[in-house]
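# Summary of structural features
Each chain is listed here by its residues.
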2 protein chains.
Amino acid sequence: MKRITPEQFRQEKNNDTYSQADENNIDETVLEIIKQVKKDGNEALYRFTEQFDGIKLKQLAVTKDEFIEAKGMISDEFKSALEEAKANITAFHEVQKEYSWFTDNTEGIMLGQKVTPLEKVGVYVPGGKASYPSTVLMNVIPAKLAGVKKIVITTPPDANGKISPEVLAAAEVVGVDEVYKLGGAQAIAALAYGTSSIEKVTKIVGPGNAFVARAKKWVYGDVAIDMIAGPSEICVVADESAPADYIAADLLSQAEHDEQSTSICITTSESLATEVQRAIDQQTTTLDRKDIIEKALTQNGRIIVVKNIQEAINLVNEIAPEHLQLMIENATEKVGDIQNAGAVFLGNFSPEPLGDYFAGPNHTLPTSGTAAFSSPLGVYDFMKKSSIIRYSRDSLLDASENIITLAKAEGLSAHANSIQIRKDNHNA
Amino acid sequence: MKRITPEQFRQEKNNDTYSQADENNIDETVLEIIKQVKKDGNEALYRFTEQFDGIKLKQLAVTKDEFIEAKGMISDEFKSALEEAKANITAFHEVQKEYSWFTDNTEGIMLGQKVTPLEKVGVYVPGGKASYPSTVLMNVIPAKLAGVKKIVITTPPDANGKISPEVLAAAEVVGVDEVYKLGGAQAIAALAYGTSSIEKVTKIVGPGNAFVARAKKWVYGDVAIDMIAGPSEICVVADESAPADYIAADLLSQAEHDEQSTSICITTSESLATEVQRAIDQQTTTLDRKDIIEKALTQNGRIIVVKNIQEAINLVNEIAPEHLQLMIENATEKVGDIQNAGAVFLGNFSPEPLGDYFAGPNHTLPTSGTAAFSSPLGVYDFMKKSSIIRYSRDSLLDASENIITLAKAEGLSAHANSIQIRKDNHNA
């Protein structure tokens, strides 16, 4: 962890000129995959799965037998943790449901907003060597609560053509309709445009590698997507009341995700900064993924000492971190000052992994500063709105002169005519 | 207007293989503009404005004097129509405001969702020869209601370096902070990345030509955007109770937008179909923009006769039209069956231009079938959410085994450690 001043930190941030428009080095590959899936359908999917995942599949859909086999492979402990997590996630997301509304039908005018669930959703779950059952829970539960009719998962198989039993168990617990053995840009193309085995969906959600993320960016507009997720980030704001070993453990938990992960600690205490650095060095040696952690911390691990909490909060709002831990006295009182953060964890006993798996709020959060304008994944991402407008004859005639004036100001005479013809007819 | 069967219509739709990924013919130009704006800042903005709008500007920001001059140029009639439209749009959007919520703090657990307005918004208003004051109202009012601190407009100047007085009047009525004389991809780049005169914004909204739309697609992710808008569409569902001349006028009002506009009439009545076709031919001759209308109707004007209303509604849900008019008996009773539409206009006296200008719901609506997954622009587009999580020591210890089990199932030992260290410390 590099210790720097707020000024140095801002300087580093300014020098980072990365932008979406620059990052088109894999576009050629991704666009070619999309094109081939659109042209050759399933055949392209089997071909790319052999090429990228090293397995020649006979069928894309996971069979009933494979689900049963998976069930036999998971522990009771895991099954029960899954069920409890599901209950918490469901309880939190229930509150996010949205409802249609209509204004009073007075003077012949009725206005409103109809809320409708999306029809079909595809969830991308990363796979291969890794297994992310929590991704299944966090993406499927809000879609189910919204009332989505069909939810499918695509996830890359391992070299034996298998899907992690934990992922299949999670898919069963939340009631997914189909699981397909399919990863990469080809999975995104299949979900976006459909093949004879995989139905085109309305929205694609879920995290993935650079190819998945880029494919999502390309199909965006033809189909809805959740977001373009970047590497994970944590920002811990701490005063001298926070235990250094807790802070270190939490910073390390983000750093293990991948080498691009960012772990930032902002503290008002010089001595705490020193203790955190020491604790990180100590704990790192004991962790399975210490190679990844060390690279991540060297690249994007920072400790910043600030004068007071207000300065820390200003910095947080500039960063707009995915995960923010406020390990300060009276943390809850500062929530109102936080403008930009994906999720805010309060106090010394709300570490970020609590939110990743269990507490209930979604773990799909805006990364790379997009918390300045994006929200956690929620039930609202699986519902959409339609405006409803009904005017009576009299109400329209009352409004007609105003509408005609505005239409004419924009030079749109056919718009004006649509009102005028009703007016004339009435006067006739 | 071409008369076709539902089967022919579906066939036409299937044959339309357009996708976002195909449309990269202007990417080179757009990416070069973005690059130059990032590199040269204001200098690039003046250069592109001279090149594309044919005017060498001295200053990008509209001055106070120009606002005063504009005020003197607009009619009282227009001013009053603007004020009434503003009142209606405000009243409707008020209902969309979202609020933070928190669950009860029982057993030491507090969860919630904090709702925060976006900080800065840029609104793109098309300009040049055209003038769209309604774009100003529809984009700025919801942002204001959300609590956005700074709202700026960019709009291309005419060949004399002027902005339409109606647009400036609308900007003043709704309280815009700045108006810049700037259009095209260069305006989007300036709003996304900032220059010394134009501050980087959090979100860019508003319609524009192909270059603007494509630039928005490229900066998406670095900054939020509303949507990638396509050509306007109307779908009128009518039974024999609907007057043919009203239907014709409404179909024509969409067709005048541009040559790519789509006007579809679905009716249960053979004779009404014939009458609508006749009324269209008759009315078209009287309209200012008849050349555009004729091209649009030839390309995308369709009349489809169906067996019954249910068949019409099925077709509507497949199309997911931007604007839907239900000109049928008991239209309101069918609202529940409409799954996919941007806005639904009920009865014979709710023509689409009523919604464009006046009724209150937003006229920025999802186009090109995206109503299947997108919503009208609303206050919710200018607010974002942060999750709030607070656990007490005891609550975390209760949950610890479950969290550790889930973290280990995903192979993330540093996640498990962040919980374990708190558990060990408590036991010590």
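What counts and what doesn't
Residues numbered from 1 in each chain as written. Chains lettered and ligands numbered in written order. Predicted model: local features only at pLDDT ≥ 70, side-chain atom pairs only at ≥ 80, totals over all residues. Heavy atoms only, no water. Helix = DSSP H or I, 4+ residues; strand = E, 2+ residues; numbered from the N terminus. Buried < 20%, exposed > 50% of the residue type's maximum accessible area, 1.4 Å probe, protein only. Contact = heavy atoms within 4.5 Å. Areas by Shrake-Rupley, 256 points an atom, 1.4 Å probe, with all protein chains shown as cover. Lys, Arg positive; Asp, Glu negative; His and termini not counted. Charge placed at Lys NZ, Arg CZ, Asp CG, Glu CD. Domains from an automatic or database assignment. Buried area = accessible area lost by both parts, 1.4 Å probe. Core = buried A, V, L, I, M, F, W, Y, C linked by side-chain atoms within 4.5 Å. Axes fitted to C-alpha atoms, helices over the stretch in contact; angles between N-to-C directions. Parallel < 35°, antiparallel > 145°, perpendicular 65-115°, else oblique. Nonpolar A, V, L, I, M, F, W, Y, C, P; charged D, E, K, R; others polar. Salt bridge = Lys/Arg side-chain N within 4 Å of Asp/Glu carboxyl O. Pairing = 2+ DSSP bridges. Least-squares fit on C-alpha atoms with pLDDT ≥ 70 in both. Phe/Tyr/Trp six-rings, centres within 6.5 Å; stacked < 30°, edge-to-face > 60°. 1 Å grid on protein atoms, 1.4 Å probe; cavity = no way out; pocket = protein on both sides within 12 Å on 5 of 7 lines; lining within 4 Å. Points joined across faces, edges and corners; volume = space filled by probe spheres on them. Polar contact = N/O pair within 3.5 Å; in protein donor to acceptor, adjacent residues only side chain to side chain. UniProt positions renumbered as here; feature names shortened; annotations may be inferred. Expected span 1.5 Å × (residues − 1). Arc of directions from axis to C-beta.

## A few points about the overall build of chain A
Secondary structure assignment for chain A yields 16 helices and 14 strands. With the principal axes as the frame, chain A shows a C-alpha extent of 90 × 60 × 45 Å. Taking all 428 residues of chain A together, 62% fall into the buried category. When contacts within chain A are restricted to residue pairs at least 6 apart in sequence, those whose partners lie at least 24 apart make up 75%. Within the structure as shown, chain A displays about 16200 Å² of accessible surface, and the carbon and sulfur contribution to it stands at 47%. Between the centroid of the 42 positive side chains of chain A and the centroid of its 60 negative side chains there is a distance of 8 Å.

## Side note on the domain arrangement of chain A
By a widespread convention, an interface's size corresponds to the accessible area lost as its parts come together. Residue and element names in this part refer to chain A. Here the domain parsing of chain A yields domain 1 (27-225), domain 2 (231-373) and domain 3 (397-427). Placing a centre on the C-alpha atoms of domain 1 and another on those of domain 2 gives a separation of 29 Å. The interface is formed by 12 residues belonging to domain 1 together with 10 residues belonging to domain 2. Both sides together, the interface formed by domain 1 and domain 2 hides about 870 Å², and carbon and sulfur atoms give 57% of it.

## Quick notes on the nonpolar core
Tyr391 of chain A together with Val136, Ile153 and Ile247 of chain B are the most contacted members of the largest nonpolar core, which totals 95 residues. Counting 94 residues, the second largest nonpolar core, distinct from the first, contains Ile74, Ile89, Ala171 and Val174 of chain A.

## Here we look at the packing of helix H4 (residues 64-73) of chain A against helix H7 (residues 165-174) of chain A
Residues and elements named next belong to chain A. Where H4 contacts H7, the axes come no closer than 8 Å and their chain directions differ by 110°. By the angle between their axes, H4 is roughly perpendicular relative to H7. Of H7, the residues touching H4 (which contributes Glu66, Phe67, Ala70, Lys71 and Met73) are Pro165, Leu168, Ala171 and Glu172. In terms of residue class, the contact of H4 with H7 is built from 6 nonpolar, no polar and 3 charged.

## Points about the pattern of salt bridges
Summed over all chains, the structure comprises 45 salt bridges over all chains. Close ionic contact of arginine 47 of chain B with aspartate 40 of chain B constitutes a salt bridge, the shortest N to O distance being 3.1 Å. What makes arginine 47 of chain B partly exposed here is its relative accessible area of 31%. Here aspartate 40 of chain B falls in the partly exposed class, since its relative accessible area comes to 24%. Between lysine 295 of chain B and glutamate 259 of chain B there is a salt bridge; the shortest N-O distance is 3.8 Å. Of this pair, lysine 295 of chain B sits in helix H12 (residues 290-300) while glutamate 259 of chain B sits in the loop between helix H10 (244-255) and strand E10 (262-267), and the two are 36 residues apart along the sequence. Classification of glutamate 259 of chain B by relative accessible area gives partly exposed; the value is 33%. Members of the salt-bridge network, linked through shared partners, are Lys39, Asp40, Glu43 and Arg47 of chain A.

## Topic: the sheet that holds strand E5 (residues 150-155) of chain A
Residues and elements named next belong to chain A. With parallel pairing, the 5 strands of this open sheet are ordered in space as E6-E5-E4-E7-E8. Edge strands, defined here as strands with exactly one partner in the open sheet, are strand E6 (178-181) and strand E8 (224-225). Note that strand E4 (residues 120-124) and strand E7 (residues 203-205) share 3 bridges and pair parallel. Residue pairing across strands places valine 123 opposite valine 205, the latter belonging to E7.

## A look at the relation of the copies chain B and chain A
Under the fitted operation, chain B is carried onto chain A by 0.0 Å of movement along the axis and a turn of 180°, and the coordinates agree to an RMSD of 0.0 Å. The superposition of one copy onto the other is thereby described by a two-fold rotation axis. Across chain B, the smallest distance between a C-alpha and the rotation axis is recorded for lysine 217 of chain B, namely 4.3 Å.

## Section: the packing of aromatic side chains
The tally for this structure, following the rule as stated, stands at 8 aromatic pairs over all chains. Taken together, a centroid distance of 5.0 Å and an interplanar angle of 45° make the contact between tryptophan 101 of chain A and phenylalanine 92 of chain B tilted. Of the two residues, tryptophan 101 of chain A sits in strand E2 (residues 101-102) while phenylalanine 92 of chain B sits in helix H5 (residues 76-94), which places them in two different chains. Of the residues examined, tryptophan 101 of chain A reaches a relative accessible area of 16% and is grouped as buried.

## Regarding the environment of threonine 268 of chain A
Residue and element names in this part refer to chain A. Within the secondary structure layout, threonine 268 lies in the loop between strand E10 (262-267) and helix H11 (270-284). Given the relative accessible area of 24%, threonine 268 is considered partly exposed. For threonine 268 and threonine 286, which are 18 residues apart along the polypeptide, the C-alpha to C-alpha distance reads 28 Å. Not counting chain neighbours up to four residues away, the residues in contact with threonine 268 comprise Ala238, Asp239, Glu240, Val306, Lys307, Asn308 and Ile309.

## Description of the sheet that holds strand E6 (residues 178-181) of chain B
All names here are of chain B. Across the sheet, 5 strands lie side by side as E6-E5-E4-E7-E8; this open sheet has parallel pairing. The open sheet is flanked by E6 and strand E8 (224-225), the only strands paired with a single partner. Packed on one face of the sheet, helix H9 (residues 210-219) meets strand E4 (120-124), strand E7 (203-205) and E8 and runs near 160° to E7.

## Regarding the layout of surface pockets
By volume, the second largest pocket is sized at about 400 Å³. Lining the second largest pocket are 20 residues, with Asn88 and Ala359 of chain A together with Glu107, Ile109 and Tyr391 of chain B positioned closest to its centre. Elements supplying a minimum of two residues to the lining of the second largest pocket: helix H5 (76-94) of chain A together with helix H15 (393-409) of chain B. With 5 residues, the single largest contributor to the lining of the second largest pocket is H5 of chain A. Taken together, the residues of the lining of the second largest pocket break down into 11 nonpolar, 5 polar and 4 charged.

## Examining the side chain of serine 134 of chain A
Tracing the chain through its elements places serine 134 of chain A in helix H6 (residues 133-146). At 2.7 Å, the side chain of serine 134 of chain A and the side chain of glutamate 410 of chain B are in polar contact. Setting aside its immediate chain neighbours within four residues, serine 134 of chain A contacts Asp356, Tyr357 and His363 of chain A together with Glu410 of chain B.

## Thoughts on the pairing of strand E3 (residues 110-117) of chain A
Residue and element names in this part refer to chain A. Burial within E3 is extensive, with 7 of its 8 residues counted as buried. In this sheet, E3 lies alongside E2 in antiparallel orientation, the contact comprising 2 bridges. Residue pairing in the sheet places phenylalanine 102 in a bridge with glycine 112 of E3. Pairing of E3 with strand E14 (residues 383-390), which is carried by 8 bridges, proceeds in the antiparallel orientation. The residue bridging leucine 111 from the neighbouring strand is isoleucine 389, located in E14.

## Quick look at unusual backbone geometry
Only a minority of non-glycine residues have a phi that is not negative, and only a minority of peptide bonds are not trans. All names here are of chain A. The phi dihedral of asparagine 330 is positive, around 55°, even though this residue is not glycine. As for its position among the elements, asparagine 330 is in the loop between strand E12 (323-327) and strand E13 (343-346). Overall, the relative accessible area of 55% leaves asparagine 330 in the exposed class.

## Topic: the UniProt feature "active site" (unreviewed entry) in chain A
Residue and element names in this part refer to chain A. The UniProt record marks Glu322 and His323 with the feature "active site" (unreviewed entry), using the residue numbering of this structure. Tracing the sequence through the fold places glutamate 322 in the loop between helix H13 (309-319) and E12. Of the residues examined, glutamate 322 reaches a relative accessible area of 6% and is grouped as buried. With near-sequence residues (within four places) excluded, glutamate 322 lies in contact with Pro231, Ser232, Glu233, Ala341, Gly342, Ala343, His363, Leu365, Pro366 and Thr367. Looking at glutamate 322, its side chain comes within polar contact range of the side chain of serine 232, at 3.0 Å. Tracing the sequence through the fold places histidine 323 in strand E12. The contact partners of histidine 323, leaving out residues within four places of it in the chain, are Ser232, Glu233, Ile234, Cys235, Gln254, Ala343, Phe345, Glu352, Asp356 and Leu365. A polar contact of 2.8 Å, which involves the side chain of histidine 323, links it to the backbone oxygen of glutamate 233.

## Re H5 of chain B
Across its 19 residues, H5 of chain B extends 27 Å between first and last C-alpha, which sits within 8% of the 27 Å expected from 1.5 Å per residue. The complete set of buried residues in H5 of chain B reads Phe78, Ala81, Leu82, Ala85, Ile89, Phe92 and His93 of chain B. Each buried residue of H5 of chain B sits inside an arc of 100° when the element is viewed along its axis, so together they form one side. Taken together, the buried residues of H5 of chain B touch E2, E3 and helix H15 (393-409) of chain A together with helix H6 (133-146), helix H7 (165-174) and helix H14 (352-357) of chain B.

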